[in-house]
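So you can see what is in the structure, the chains are spelled out below.
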Amino acid sequence: MAETKKIGLYFGTFNPIHIGHLAIANHMAEFSDLDEIWLVVTPHNPFKKKSSLLDNHHRYEMVFRATESYPKLKPSDVEFKLPQPNYTVLTLAHLQELYPDYQFNLIMGEDNLKGFHKWKNYEVILENHHIYVYPRIAEGVVENQFKDHPKIHRVDAPIMEISSTFIRKSIAEGKNIQPLLPKEVWQYVDEMNFYR
């Protein structure tokens with residue numbers, strides 16, 4: 001029997017995807033026991049104002065272009081087809097149904113782990129999935145229940161504090177932020193005239 005493929009799910013609006021996202025996803029693929037990282041493009045997040053969010057297909061296209069030359073990184077639009085507002089626990093159940101032979105794991109920043117106890121059905125997530133945490137500079141504390149949890153794994157990835165908000169604002173101000181975007185993404189943003 002083939003060994004179960006371990007997939008890490010890295011969720012984001014990726015508006016736009018930048019080198020910080022790519023560095024973390026690639027680090028998880030190379031320096032953890034995950035076989036593949038799927039960058040799951042989230043549709044509209046109910047907590048964020050929608051105005052500055054590019055259409056789903058444009059953000060997916062940028063992730064597709066950014067990951068094309070990385071065999072272990074894959075873009076995913078699985079959440080586009082799920083009813084909104086959606087919760088991670090439902091996405092995980094949906095993926096498990098679609099790919100019963102894969103083991104799905106969550107990737108999140110230390111900052112998200114601090115609020116994880118507020119997630120819908122977080123106990124169900126922990127019961128069925130592992131969580132891989134990368135470091136972030138962030139305020140607040142991690143709940144004690146998550147400190148030494150057997151299913152929560154800390155991966156010593158580089159700290160990447162680049163924000164998509166900063167990138168969008170800088171593009172609107174006519175700044176050159178090319179080094180912060182994968183080349184293919186910069187070309188797409190430029191030719192489509194996004195964020196100006």
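For the structure given in this document, a descriptive report is provided here. (Residues numbered from 1 in each chain as written. Predicted model: local features only at pLDDT ≥ 70, side-chain atom pairs only at ≥ 80, totals over all residues. Heavy atoms only, no water.)

1. Quick look at the sheet that holds strand β3 (residues 73–76)
Ordered by their spatial adjacency, six strands build an open sheet running β3-β2-β1-β4-β5-β6, and the pairing between neighbours is parallel. Looking along the sheet, the strands with just one partner apiece sit at the ends: β3 and β6 (152–154). Neighbouring strand axes in the sheet, compared pairwise and without regard to direction, differ in orientation by 30 degrees on average. Bridge count between strand β5 (residues 131–134) and β6: three bridges; the pairing is parallel. Each bridged residue has a counterpart across the sheet, and for Val-133 the counterpart in β6 is Arg-154. Packed on one face of the sheet, helix α3 (residues 88–98) meets β1 (5–12), β2 (36–41) and β4 (102–109) and runs near 155 degrees to β4. (Pairing = 2+ DSSP bridges. Helix = DSSP H or I, 4+ residues; strand = E, 2+ residues; numbered from the N terminus. Axes fitted to C-alpha atoms, helices over the stretch in contact; angles between N-to-C directions. Contact = heavy atoms within 4.5 Å.)

2. Looking at the pattern of salt bridges
Inspection of the entire model under this criterion finds 10 salt bridges. A salt bridge links Lys-81 to Asp-77, with the nearest nitrogen and oxygen atoms 3.0 Å apart. Looking at Lys-81, the relative accessible area reads 59%, which means it is exposed. Residue Lys-169 pairs with Glu-173 through a salt bridge whose shortest N-O separation is 3.2 Å. What emerges from the salt-bridge pattern is a single network uniting Asp-111, Arg-136 and Glu-161. (Salt bridge = Lys/Arg side-chain N within 4 Å of Asp/Glu carboxyl O. Buried < 20%, exposed > 50% of the residue type's maximum accessible area, 1.4 Å probe, protein only.)

3. Quick word on the environment of Ile-162
Counting through the fold element by element, Ile-162 comes out in the loop between β6 and α7 (164–172). For Ile-162, the contacting residues outside a window of four places in its chain are His-18, Ile-19, Gly-20, Ile-167 and Leu-180.

4. Points about unusual backbone geometry
Across the junction of Asn-15 and Pro-16, the peptide omega takes the value 0 degrees, indicating a cis bond. The topology assignment puts Pro-16 in the loop between β1 and α1 (19–31). In this chain, Gln-84 is followed by Pro-85 through a cis amide linkage whose omega measures -10 degrees. The phi dihedral of Asn-121 falls on the positive side, at around 50 degrees, and the residue is not glycine. For Asn-121, the location among the structural elements is in the loop between α4 (110–114) and α5 (122–128).

5. Some details on the nonpolar core
In this structure, Tyr-10, Ile-17, Met-28, Ile-37, Leu-39, Met-62 and Ile-107 are the most contacted members of the largest nonpolar core, which totals 33 residues. Counting residues per element, the ones that place at least two in this core are α1, β2, α2 (56–67), β5, α7 and α8 (183–192). The element best represented in this core is α1, accounting for five residues. Setting aside its immediate chain neighbours within four residues, Ile-37 contacts Gly-8, Tyr-10, Ala-25, Met-28, Ala-29, Lys-72, Leu-73, Lys-74 and Ile-107. Counting 22 residues, the second-largest nonpolar core is a separate cluster that includes Val-40, Val-78, Ile-131 and Val-142. (Core = buried A, V, L, I, M, F, W, Y, C linked by side-chain atoms within 4.5 Å.)

Note that every value here comes from positions in space, so none of it alone points to a role or purpose.
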